[in-house]
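So the chains spell out like this:
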Amino acid sequence: MDNLSGKVVVITLNYNQNQFTLECVKSILESDFGNFEVLLIDNGSTSQNQKELEKLLPFDPRLILHVITPNRGYVGGINYSLDLCKVQDSDYVLIMNNDTLIDKEAIGELVKTCKKHHDEAIVSGKVYHYDRPSVIQDIGYSFTNEKYLNCRQIGLDEADTGQYDEEVERDLLDDVFWLFPFKLYKEIGGYSKYFWFDYEQADFALRAKKIGYKLIYTPHAKIWHKGSPSVSGRILNPVQAYYSMQGALIYRYLHLSRWNFVKYYIKTGTGILGSFLKWFLGVKTGSGRLKYNVAKLKGFAYFNRWIVRKNENTGENPFITDNK
């Protein structure tokens, strides 16, 4: 891949997940792209974990570690990294989760695809399940109802038999891994500080689309993803539900017409009340289900306060004692 010009800065965050991060960094360093650096941000880990990480990281001049405290959340960590990219003199930025392993040809394929679209695209590729390495986890999203920005995940849990082997434009992409030209950051800024975790990538993608960028999926860039360890998974998880509810509402408030947003808001509130009714009637029971419903309600309440204050999200979450 040495024939491709341009410098890529790969950004990944670590928060007390040293083993995940070490495996991720080693896979990046094995990439065959000729000009890249890895910007690893330790985002508020404990001092013990920070010291362990520094000790275990491989020595490589392409690897740069920054330690920041306290934890700034996913959005804050990414924005801190993007600011550093000015100093790194980067042409492209590749953001990727630390619980991933990347194919050695992926960086080059992402750059090649971006160049094909005149460096006016955000590009991602095939995300596979780590524990099911030939099963698709994520290859982008298509709108099912653009009026409310509802979408479906394409290819989820399908065995890869070559059915998604064509480069296509997507309605939305996830930032498990995605690459974009650094000039996009100069044009629209970083991730919105209204978010802490969840929906920040959808907001960023739509802001890019509004100034003419495309969201492109290429089947030739591949990565294997372990899941969502930073919030301990997504099934009946009140931590994730709280962030997701507030994020979903803020995202749609920012991008929908006011009338469409009002309809979405009413539907969401009604759905939350319905979930409590089902629990009360014994349709969907269990303490875990109740706590999950309460988390959604509190996320809804957070949005109602935010709409008045338009405050930066500090990551405070009533369902955790140590913000991630």
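One numbering rule holds for all chains: residues counted from 1, following each sequence as written. Selection of residues for local features in this predicted model requires a pLDDT of at least 70, selection of side-chain atom pairs for listing and counting requires 80 or more, and totals for whole chains, interfaces and linings are taken over all residues. Water and hydrogen atoms play no part in the side-chain values, which are based on all heavy atoms of the structure.

### Points about the overall build of the chain
Then, in step 1: The secondary structure listing takes helices from DSSP runs of H or I that are at least 4 residues long and strands from runs of E that are at least 2 residues long, numbered from the N terminus. Scanning the chain for helices and strands turns up nine helices and 12 strands.
Then, in step 2: Relative to its length of 324 residues, the chain is compact, with a C-alpha radius of gyration of 20 Å against a globular reference of 20 Å.
Then, in step 3: With the C-alpha coordinates aligned to their principal axes, the bounding extent of the chain is approximately 60 × 45 × 40 Å.
Then, in step 4: Buried residues are those whose accessible area, probed at 1.4 Å on protein chains only, stays under 20% of the maximum for their type, while exposed residues exceed 50% and partly exposed ones sit between those limits. In the chain, which comprises 324 residues, the proportion classed as buried is 55%.
Then, in step 5: A separation of at least 24 residues holds for 77% of the contacts in the chain among residues at least 6 apart in sequence.
Then, in step 6: Surface exposure of the chain reaches about 14800 Å², of which carbon and sulfur atoms provide 52%.
Then, in step 7: Neither His nor the chain ends contribute to the count of charged residues, in which Lys and Arg are positive and Asp and Glu negative. Just so you know, the charge point we use is NZ for Lys, CZ for Arg, CG for Asp and CD for Glu. One way to put it: in the chain the 40 positive side-chain charges average out to a point 9 Å from where the 38 negative ones average out. Only the C-alpha atoms count toward the radius of gyration. The rule for a globule is 2.2 Å times the residue count to the power 0.38. Here, two residues are considered to be in contact whenever any of their heavy atoms come within 4.5 Å of each other. Using a 1.4 Å probe, accessible areas were evaluated by the Shrake-Rupley method; residue-level cover was limited to the displayed protein chains.

### Remarks on the packing of helix α1 (residues 18-29) against helix α2 (residues 47-56)
Then, in step 1: It is at 10 Å that the axes of α1 and α2 come closest, and there the two elements cross at 25°. Of the possible angle classes, the one that applies to α1 and α2 is roughly parallel. Here α1 runs over α2; the crossing is right-handed. Along its contact with α1, which presents Asn18, Thr21 and Leu22, the element α2 presents Asn49, Glu52, Leu53 and Leu56.
Then, in step 2: Residue composition of the contact of α1 with α2, grouped by class: three nonpolar, three polar and one charged. Inter-axis angles, ranging from 0 to 180 degrees, are taken between N-to-C directions of lines fitted to C-alpha atoms, where helices are fitted over the stretch in contact. Roughly parallel means an angle under 35 degrees; roughly antiparallel, over 145; roughly perpendicular, 65 to 115; everything else is oblique. Whether a crossing is left-handed or right-handed is set by the direction in which the near helix is turned from the far one by less than a right angle, anticlockwise for left-handed and clockwise for right-handed. In this classification, the charged set is Asp, Glu, Lys and Arg, the nonpolar set is Ala, Val, Leu, Ile, Met, Phe, Trp, Tyr, Cys and Pro, and all remaining amino acids, among them Gly, are polar.

### Focus: the nonpolar core
Then, in step 1: One finds Ile11, Ile95, Ile122, Trp178 and Phe180 to be the most contacted residues of the largest nonpolar core, which totals 61 residues.
Then, in step 2: Take this core: its biggest share by element is 10 residues, from helix α7 (residues 238-255).
Then, in step 3: Non-local contacts of phenylalanine 180, meaning those with residues more than four positions away in its chain, are made with Leu82, Tyr92, Val93, Ile95, Ala121, Ile122, Tyr185 and Phe204.
Then, in step 4: With 33 residues, the next largest nonpolar core counts Leu22, Phe33, Cys114 and Val123 among its residues. Note on terminology: a nonpolar core comprises buried Ala, Val, Leu, Ile, Met, Phe, Trp, Tyr and Cys residues joined through side-chain atoms within 4.5 Å.

### Concerning the packing of aromatic side chains
Then, in step 1: Each Phe, Tyr or Trp ring, with Trp reduced to its six-membered ring, pairs with another whose centre is within 6.5 Å; inter-plane angles below 30 degrees give stacked pairs, above 60 give edge-to-face pairs, and intermediate values give tilted ones. Within this structure, the stated rule accounts for 21 aromatic pairs.
Then, in step 2: With centroids separated by 5.5 Å and ring planes inclined at 20°, the aromatic side chains of tyrosine 128 and tryptophan 224 adopt a geometry described as stacked. Pair noted here: tyrosine 128 is in strand β6 (residues 121-129) and tryptophan 224 is in strand β12 (residues 214-225), with a separation of 96 residues, a long-range link.
Then, in step 3: With relative accessibility at 5%, the residue tyrosine 128 sits in the buried group.
Then, in step 4: Seen from their ring centres, phenylalanine 182 and tyrosine 185 are 5.4 Å apart, and the 40° between their planes marks the pair as tilted. Here phenylalanine 182 and its partner tyrosine 185 are both found in helix α5 (residues 182-188), three residues apart, which amounts to about one turn of the helix.

### Description of the environment of leucine 184
Then, in step 1: Position of leucine 184 relative to the elements: it lies in helix α5.
Then, in step 2: If we skip the residues at most four places from it in the chain, leucine 184 touches Ile122, Gly189, Phe204, Ala208, Ile211 and Tyr213.

### So, the packing of helix α8 (residues 258-280) against helix α9 (residues 287-309)
Then, in step 1: For the pair α8 and α9, interaxial distance at closest approach is 10 Å and the crossing angle is 155°. The orientation of α8 with respect to α9, classified from their angle, is roughly antiparallel. α8 and α9 meet at a crossing whose hand is left-handed. Along the contact surface, α8 presents Phe261, Tyr265, Thr268, Gly269, Ile272, Ser275, Phe276 and Trp279, while α9 presents Arg289, Leu290, Asn293, Val294, Lys296, Leu297, Phe300, Phe303 and Asn304.
Then, in step 2: For the contact of α8 with α9, a count of residues per class yields 10 nonpolar, five polar and two charged.

### Details of the pairing of strand β3 (residues 63-68)
Then, in step 1: Relative to β3, strand β2 (residues 36-43) is paired through six bridges, and the arrangement is parallel. Considered in β3, the bridge of leucine 39 is made with isoleucine 64.
Then, in step 2: We call a crossover right-handed when, viewed with the strands running away from us, the connection from the first strand over the helix to the second turns clockwise. For the crossover from β2 across α2 to β3, the handedness is right-handed. We call two strands paired when DSSP finds no fewer than two bridges between them.

So, to be careful, I would describe these as geometric facts and stop short of saying anything about function.
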